[in-house]
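Below, each chain spelled out in residue letters.
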Amino acid sequence: MTAKAFELSPGYAISRVIRGGWQLAGGHGAIDRSQAVGDLIATFDAGIWTYDCADIYTGVEELIGAARLRLANERGLDAAAKMKVHTKLVPDLERLATISRDYIGGIVDQSLRRLKTERLDLVQFHWWDYAQPRYVEAMGWLNELRREGKLRNLGTTNFDTPRLAEILSAGIPLVSQQLQYSVLDQRPANSLAALAEENGVSFLCYGSVAGGFLSDKWLDVAEPGTPLENRSLVKYKLIIDDFGGWDLFQQLLRALKAVGDRHAVDIATIASAWVLEQPRVAAVIVGARNQAHALANAKIMDVVLDADDRARIAAVIARGSGLEGDVYTLERDRHGRHGSIMHYNLNAGRI
């Protein structure tokens, strides 16, 4: 591992900052396709050459596929091969009870077409409801597709410690788990990190800037009322509430600002750099609304926190109540505050 690259599996390296695709899915405003492809390539040129997407992110696999094709046409196959693309496979909630190998294979084939490749770099599997117990069987089908050459690496998304242990015990060769991790939410450290350490599983972390809340924009700003601008902000405002509330959140922003000033970077950069230092973390996944934002994200890999920086941040975290429980447990309660805002059937009518 270096400051800017991580070997996720033998011979397979990724950049330690991954360009997220969620903000290209249309929920954050209209997308100019040509500009989006250009921004993806500018991200590549800035040193962020790994990308995250999903079968359920409308149009995003196609955009990244177009960027990869443009790289191949303009710079050759070696440049295109350096671009690493991680997708997610998210079966709809209503399909879990009747899930089949053909259904899983169909989503993989769809991602291959959209991303314009013969082999997916990493497929990260998500499962909505543990009451439907076929997630290990479904992971087995994905592993068969891996052995057939349709994908190189297997990962999971948002599995808790007991279920991840089940999958690993079944002999599924996981290299990673994508999960939420931030100065506000350290649930991965509760128990999952130890299991990951034992089995060589690395973390690919989203939410490191809490949907934009962990930024200079929100410093010394009054607590927002409802409705918030988008579902992402709704989701992370709940995390702030559980962390300890708006006043403590402002103390955290001020601590991050002080550290950022020492390093001549902004709050969001420090927040992501902090996550990058945590045990088992291979990379942080950060979104970008435009090219300038994408270029700024590359600075995350240049930040080296010292003991004083860490202590300043830790002192505020220690004042919070923290988020209890395992990874994604709050979000799986479909009747709770966190789970009730989730969308569970985003592939319906598309497969």
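This text goes with the structure placed above it.
Section: the pattern of salt bridges
Okay, step 1: Applying the stated criterion across every chain, the model contains 25 salt bridges.
Okay, step 2: The residue D220 makes a salt bridge to R254 at a minimum N-O spacing of 3.3 Å. Taken together, the residues span a long stretch of sequence, with D220 in the loop between strand 9 (202–206) and helix 8 (231–243) and R254 in helix 9 (residues 246–263) at a distance of 34 residues.
Okay, step 3: The exposure class assigned to D220 is exposed, which follows from its relative accessible area of 57%.
Okay, step 4: The partly exposed category is assigned to R254, whose relative accessible area is 43%.
Okay, step 5: Put simply, R262 and D309 hold a salt bridge, and the shortest N to O gap is 2.4 Å. On the criterion of sequence distance, the pair formed by R262 in helix 9 and D309 in helix 12 (residues 307–319) is long-range, its members being 47 residues apart.

Some points on the nonpolar core
Okay, step 1: Counting 120 residues, the largest nonpolar core has I104, F125, L142, L184 and L214 as the members making the most contacts within it.
Okay, step 2: For this core, the leading source of residues is helix 9, giving 8 residues.
Okay, step 3: Ignoring anything within four residues of it in the chain, the contact list for L142 reads L89, I104, V108, V123, F125, L151 and L154.

Some words on the packing of helix 2 (residues 60–75) against helix 4 (residues 101–115)
Okay, step 1: Packing of helix 2 against helix 4 brings their axes to within 7 Å, and their N-to-C directions diverge by 45 degrees. As far as their axial angle goes, helix 4 and helix 2 are oblique. For the pair helix 2 and helix 4, contact is made by E61, E62, I64, G65 and R68 and by S111, R114 and L115, respectively.
Okay, step 2: Among the residues making up the contact of helix 2 with helix 4, the classes are represented as 2 nonpolar, 2 polar and 4 charged.

So, the pairing of strand 6 (residues 120–125)
Okay, step 1: In terms of burial, strand 6 is largely enclosed, as 6 of its 6 residues are buried.
Okay, step 2: Crossover connection from strand 5 (residues 84–89) via helix 4 to parallel strand 6: handedness right-handed.
Okay, step 3: A crossover links strand 6 with its parallel partner strand 7 (residues 151–157), the connecting element being helix 5 (residues 135–147), and its sense is right-handed.

As for the packing of aromatic side chains
Okay, step 1: In total, this model carries 12 aromatic pairs according to the counting rule given.
Okay, step 2: A ring pair is formed by W218 and W246, whose centres lie 6.0 Å apart and whose planes are at 80 degrees; its orientation type is edge-to-face. Here the residue W218 occupies a position in the loop between strand 9 and helix 8, and W246 occupies one in helix 9, the gap between them amounting to 28 residues.
Okay, step 3: Here K235 stacks its cationic end above the ring of Y236, 5.2 Å away from the centre of that ring.

As for the environment of S191
Okay, step 1: One can find S191 in the loop between strand 8 (174–180) and helix 7 (192–199).
Okay, step 2: With 151 residues separating them along the chain, S191 and L40 place their C-alpha atoms 35 Å apart.
Okay, step 3: With sequence-adjacent residues up to four places away left out, S191 is seen in contact with T161 and D326.
Okay, step 4: For S191, the side chain forms a polar contact with the side chain of T161, separated by 2.7 Å.

Observations concerning helix 6 (residues 161–169)
Okay, step 1: Along helix 6, the residues classified as buried are T161, L164, I167 and L168. Projected down its long axis, helix 6 carries its buried residues within an arc of 120 degrees, all on one side.
Okay, step 2: Check the buried side of helix 6 and you find it contacts helix 5, strand 7, strand 8 and helix 7.
Okay, step 3: Looking one or two residues beyond helix 6, the residue adopting positive phi is G171, at roughly 85 degrees.

Digging into the environment of H86
Okay, step 1: Position of H86 relative to the elements: it lies in strand 5.
Okay, step 2: Excluding anything up to four places from it in sequence, H86 contacts L8, Y12, I14, I18, T50, Y51, D52, C53, D121, L122, Q124 and L204.
Okay, step 3: A polar side-chain atom of H86 sits 2.9 Å from a polar atom in the side chain of Y12.

Looking at the state of the cysteines
Okay, step 1: A complete count under the given rule lists 0 disulfides for this structure.
Okay, step 2: C53 forms no disulfide, and the closest cysteine sulfur to it belongs to C205, at a distance of 18 Å.
Okay, step 3: Under the relative-accessibility criterion, C53 is labelled buried at 0%.
Okay, step 4: For C205, a relative accessible area of 0% corresponds to the buried category.

Conventions and cut-offs
- Residues numbered from 1 in each chain as written.
- Predicted model: local features only at pLDDT ≥ 70, side-chain atom pairs only at ≥ 80, totals over all residues.
- Heavy atoms only, no water.
- Salt bridge = Lys/Arg side-chain N within 4 Å of Asp/Glu carboxyl O.
- Helix = DSSP H or I, 4+ residues; strand = E, 2+ residues; numbered from the N terminus.
- Buried < 20%, exposed > 50% of the residue type's maximum accessible area, 1.4 Å probe, protein only.
- Core = buried A, V, L, I, M, F, W, Y, C linked by side-chain atoms within 4.5 Å.
- Contact = heavy atoms within 4.5 Å.
- Axes fitted to C-alpha atoms, helices over the stretch in contact; angles between N-to-C directions.
- Parallel < 35°, antiparallel > 145°, perpendicular 65-115°, else oblique.
- Nonpolar A, V, L, I, M, F, W, Y, C, P; charged D, E, K, R; others polar.
- Right-handed = clockwise from strand over helix to strand, strands pointing away.
- Phe/Tyr/Trp six-rings, centres within 6.5 Å; stacked < 30°, edge-to-face > 60°.
- Lys NZ or Arg CZ within 6 Å of the ring centre and 35° of its normal.
- Polar contact = N/O pair within 3.5 Å; in protein donor to acceptor, adjacent residues only side chain to side chain.
- Arc of directions from axis to C-beta.
- Disulfide = S-S within 2.5 Å.

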